[in-house]
Amino acid sequence: MHDEKNEFGLPLEYQKLPEFFDAHNITNKTETTNRVIEKLLSKHNVRKVLDFSCGTGSQVFFLNKFGYKVTGVDFSSPLLKIARNKALRENLSINFLDGDMQKLEVGKFDAVITIFNAIGHLTKTDFNKTLKNIYKNLNDRGLYLFDIFNLEAMTDTAVNNLAMDYKKTVKDKQVHHTQHSTINKDKGLITSYDNYIIDKIGSNEERINNKFTLQIYKAKELQLMLAENGFKTLEQYGIDGSEFKECKTINILTLAQKQCLLKSK
């Protein structure tokens with residue numbers, strides 16, 4: 001992923017509030033997503049995986065349980081610290097690296113994954129750079145698996161349904177997080193507005209506002225960008241593994257395969 005200076009902005013959990021990352025991102029749907037990922041990787045005999053946007057390690061730890069050799073990479077040092085501490089507690093030998101998926105070359109893998117709308121934090125130009133770099137990190141015929149919101153399914157109702165309002169307690173802090181979003185369909189941009197009320201025992205209540213934007217895509221647009229960067233789209237699904245429906249599937253899960261060598265430009 002890109003650094004904290006990304007022009008789209010970033011969720012506060014990536015840097016300033018990493019302790020709330022799991023409370024926000026790990027839901028009852030996460031295991032379903034992870035099982036779909038594992039099923040697809042297993043189907044293609046993948047064993048060595050690079051998670052280029054690992055966060056606190058949800059996919060890394062899940063795949064590790066199934067015997068995959070997984071390396072986790074993220075630009076966020078605070079999130080990686082949490083992931084490394086989880087590995088220590090479980091006595092797991094997992095490699096977590098600080099890095100930017102646009103340029104870090106780690107080695108050759110059977111598959112690269114970027115989950116939780118990670119590519120949405122990149123501009124289209126930066127996503128193209130990232131695809132070129134993912135290509136470099138894959139074995140011949142290696143796979144790239146990723147998800148992103150589906151622009152064609154983003155009606156006003158769908159955008160309103162992205163709204164969040166939850167309360168969670170993390171250690172000695174209680175957070176009340178609300179979020180609403182708007183969309184610019186012409187540019188394919190969803191902007192989310194966050195409000196956090198943080199109540200820590202023995203301290204005054206803290207209120208924090210934040211906004212960030214995601215670049216989202218049509219399914220065919222993704223196919224074209226992948227093709228231009230040396231990938232063939234094998235399949236597109238819903239994030240839960242369901243059949244992809246162009247104007248109904250909210251989150252596209254795309255499986256692509258590295259093809260012939262890219263021509264130098």
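What you see is a predicted model, and the numbers here were worked out from it, not measured in a lab.

1. Here we look at the sheet that holds strand 1 (residues 48-51)
Step number 1: With mixed pairing, seven strands are arranged side by side in an open sheet as 3-2-1-4-5-11-10. Looking at which strands have only one partner, the edges of the open sheet turn out to be strand 3 (95-98) and strand 10 (231-238). The mean inter-strand angle of the sheet, taken between neighbouring strand axes irrespective of direction, is 20°.
Step number 2: The pairing of strand 4 (residues 109-114) with strand 5 (residues 138-149) spans five bridges and is parallel. Considered in strand 5, the bridge of Ile113 is made with Leu145.
Step number 3: In the packing of helix 4 (residues 77-89) onto the sheet, the strands contacted are strand 2 (69-74) and strand 3, and the crossing angle to strand 3 comes to about 170°.
Step number 4: Lying over the sheet, helix 7 (residues 219-228) contacts strand 5, strand 10 and strand 11 (251-258), oriented at roughly 155° with respect to strand 10.

2. Considering helix 5 (residues 124-136)
Step number 1: Here helix 5 is 13 residues long and its end C-alpha atoms lie 19 Å apart, about the 18 Å a rise of 1.5 Å per residue gives.
Step number 2: Buried residues along helix 5 sit in contact with strand 4, strand 5, helix 7, strand 10 and strand 11.

3. Comments concerning unusual backbone geometry
Step number 1: The phi torsion at Asn45 lies on the positive side, around 60°, for a residue other than glycine.
Step number 2: Although it is not a glycine, Asn117 adopts a positive phi angle of roughly 55°.

4. Section: the confidence of the model for the chain
Step number 1: Per-residue pLDDT for the chain has a mean of 93; in total, 96% of the residues score no lower than 70.
Step number 2: Throughout residues 1-5 the model reports pLDDT below 50, and contacts reaching past four residues in sequence, or to other chains, amount to 20 contacts.

5. Remarks on the pairing of strand 7 (residues 173-184)
Two faces, one strand: in a regular strand the side chains alternate between the faces of the sheet.
Step number 1: One ladder, built from seven bridges, connects strand 6 (residues 164-170) with strand 7; its direction is antiparallel. For Val170, the partnering residue across the bridge sits in strand 7 and is Lys173.
Step number 2: Hairpin geometry of strand 6 and strand 7 is characterised by an intervening segment of two residues between the two adjacent antiparallel strands and by a positive phi of about 55° at Lys171.
Step number 3: Between strand 7 and strand 8 (residues 189-200), which pair antiparallel one after the other, the connecting turn spans four residues, and Gly188 there sits at a positive phi close to 70°.

6. Focus on the sheet that holds strand 8
Step number 1: Sheet architecture is open: four strands sit in the order 6-7-8-9, paired in antiparallel fashion. Every other strand in the sheet has two partners, leaving strand 6 and strand 9 (206-215) as the edge strands with one partner each. Geometrically, the sheet is characterised by an average inter-axis angle of 20° between neighbouring strands, direction not taken into account.
Step number 2: Across 12 bridges, the pairing between strand 7 and strand 8 is antiparallel. Looking at the pairing, His180 lines up with Tyr193 of strand 8.

7. As for the packing of aromatic side chains
Step number 1: For the structure shown, the criterion picks out nine aromatic pairs.
Step number 2: Aromatic pair Tyr14 and Phe21: ring centres 5.9 Å apart, planes at 50°, arrangement tilted. Note on accessibility: Tyr14 and Phe21 belong to one class, buried.
Step number 3: Each ring, one from Phe127 and one from Phe146, has its centre 6.0 Å from the other, and the planes form 65°; the classification is edge-to-face. With Phe127 in helix 5 and Phe146 in strand 5, this pair connects stretches of sequence that are 19 residues apart.
Step number 4: Connected via pairs of aromatic rings, a cluster forms that spans Phe127, Tyr135, Tyr144, Phe146, Tyr217 and Phe231.
Step number 5: Sitting over the face of the ring of Phe109, Lys48 holds its NZ or CZ atom 4.9 Å from the ring centroid.

What counts as what
- Residues numbered from 1 in each chain as written.
- Predicted model: local features only at pLDDT ≥ 70, side-chain atom pairs only at ≥ 80, totals over all residues.
- Heavy atoms only, no water.
- Pairing = 2+ DSSP bridges.
- Helix = DSSP H or I, 4+ residues; strand = E, 2+ residues; numbered from the N terminus.
- Axes fitted to C-alpha atoms, helices over the stretch in contact; angles between N-to-C directions.
- Contact = heavy atoms within 4.5 Å.
- Expected span 1.5 Å × (residues − 1).
- pLDDT = per-residue confidence, 0-100.
- Phe/Tyr/Trp six-rings, centres within 6.5 Å; stacked < 30°, edge-to-face > 60°.
- Buried < 20%, exposed > 50% of the residue type's maximum accessible area, 1.4 Å probe, protein only.
- Lys NZ or Arg CZ within 6 Å of the ring centre and 35° of its normal.

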